[in-house]
Number of protein chains: 2
Amino acid sequence: MIENEIFRALADPTRRAIFEKLATGGMNASTLREGMEISQPAMSQHLSVLRGAGLVREERQGRFVNYQVDPEGLALIAQWLAIYRAYWPARMEALKVLLKDMDQ
Amino acid sequence: MIENEIFRALADPTRRAIFEKLATGGMNASTLREGMEISQPAMSQHLSVLRGAGLVREERQGRFVNYQVDPEGLALIAQWLAIYRAYWPARMEALKVLLKDMDQ
DNA sequence: AAATCACATAAGCGCATGCTTATCTGTCTC
DNA sequence: GAGACAGATAAGCATGCGCTTATGTGATTT
């Protein structure tokens, strides 16, 4: 069950930070590590978890590995969330705007 | 940081099951426990975590405590997710429908 | 007020998780 | 091919987490 791996992956703040940084644009593990106080093995392990959850894709480029956000994982969260749309407050302007954007 | 508590709360499959059951309608802890193989203290602890994450509200009713989904937590996930809308695949029909609904 | 019921809290335990250091694999450069 | 570099994997360790049993608290019933 991948849904479980997604939520578990995002439960760790360091992993969310990595994912969020990656969302600004694809980059390799070393670049990703810049500015973050995290060891190389730790980064590698986190990326592995994110990859297993379908939140991140990897692509070998010579001796670098380029990582980027994988839409699949995000889509699964969105679907999970959509089930509970009845509970979202009507005043959620940000989401409304989002939906308008998508509807075009 | 509550965002962290939300993701952590949802990372546990038992807790997601409780939340999902609660989404079908508010009920007290004992009713919630029916059909789920979970001890009374475990249920109480899970509900406490969900409450701390803003995913669930509680309301004393005599010697029962009625629990129900709290939209606040869901809204925060939705907002977090919305940041990454650029990555959502265009073919996400379910979400499109959802947005249309909300836009009315 | 005594017993019962719904639920919360406390304490302890086993296992998962995230980190560390050390080492391995694969690719590039010279 | 030897060294350097990017990254993965292994092993060990400390902490966190979810469970259990036991007990506490507040409300209801008789």
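Figured I'd write up the structure that's included with this text. All figures in this text were calculated on a predicted structure; none of them were measured in a lab.

Reading the values: the criteria
- Residues numbered from 1 in each chain as written.
- Chains lettered and ligands numbered in written order.
- Predicted model: local features only at pLDDT ≥ 70, side-chain atom pairs only at ≥ 80, totals over all residues.
- Heavy atoms only, no water.
- Helix = DSSP H or I, 4+ residues; strand = E, 2+ residues; numbered from the N terminus.
- Buried < 20%, exposed > 50% of the residue type's maximum accessible area, 1.4 Å probe, protein only.
- Polar contact = N/O pair within 3.5 Å; in protein donor to acceptor, adjacent residues only side chain to side chain.
- Contact = heavy atoms within 4.5 Å.
- Pairing = 2+ DSSP bridges.
- Near = heavy atom within 4 Å.
- 1 Å grid on protein atoms, 1.4 Å probe; cavity = no way out; pocket = protein on both sides within 12 Å on 5 of 7 lines; lining within 4 Å.
- Points joined across faces, edges and corners; volume = space filled by probe spheres on them.
- Nonpolar A, V, L, I, M, F, W, Y, C, P; charged D, E, K, R; others polar.

What follows covers the side chain of Asp70(A). Residue and element names in this part refer to chain A. Within the fold, Asp70 resides in the loop between strand S3 (64-69) and helix H5 (71-82). Classification of Asp70 as buried rests on a relative accessible area of 4%. Of note is the side chain of Asp70, whose polar atom sits 2.9 Å from the backbone nitrogen of Glu72. Not counting the four nearest positions on each side in its chain, Asp70 is found in contact with Gly54, Leu55, Val56 and Arg57.

Moving on: the pairing of S3(A). All names here are of chain A. As paired elements, strand S1 (residues 27-28) and S3 share two bridges and run antiparallel to each other. The residue bridging Met27 from the neighbouring strand is Tyr67, located in S3. Relative to S3, strand S2 (residues 56-61) runs antiparallel, the two sharing six bridges. The partner of Arg57 across the bridge, within S3, is Gln68. Linking S2 back to S3 in an antiparallel pair, the connection comprises two residues, with Gly62 at a positive phi of about 65°.

Here the focus is the protein's contact with DNA strand D. Inspection of the region around DNA strand D gives 23 residues, with Ser30(A), Ser44(A), Tyr67(A), Arg15(B) and His46(B) positioned closest. Each atom of DNA strand D within 4 Å of the protein belongs either to a base or to sugar and phosphate, the latter forming 62%. Measuring from a phosphate oxygen of DNA strand D, one finds a side-chain N or O atom of Tyr67(A) at 2.5 Å. Side-chain polar atom of Ser39(B) to a phosphate oxygen of DNA strand D: 2.8 Å apart, as the coordinates give it.

All names here are of chain A. The volume enclosed by the largest pocket comes to roughly 210 Å³. For the largest pocket, the full set of lining residues is Asn28, Ala29, Ser30, Arg33, Gln40, Met43, Ser44, Leu47, Arg63, Phe64, Val65 and Tyr67. The greatest single-element share of the lining of the largest pocket, amounting to four residues, is contributed by helix H4 (residues 40-52). Each residue belonging to the lining of the largest pocket can be placed in one class, and the counts come to six nonpolar, four polar and two charged.

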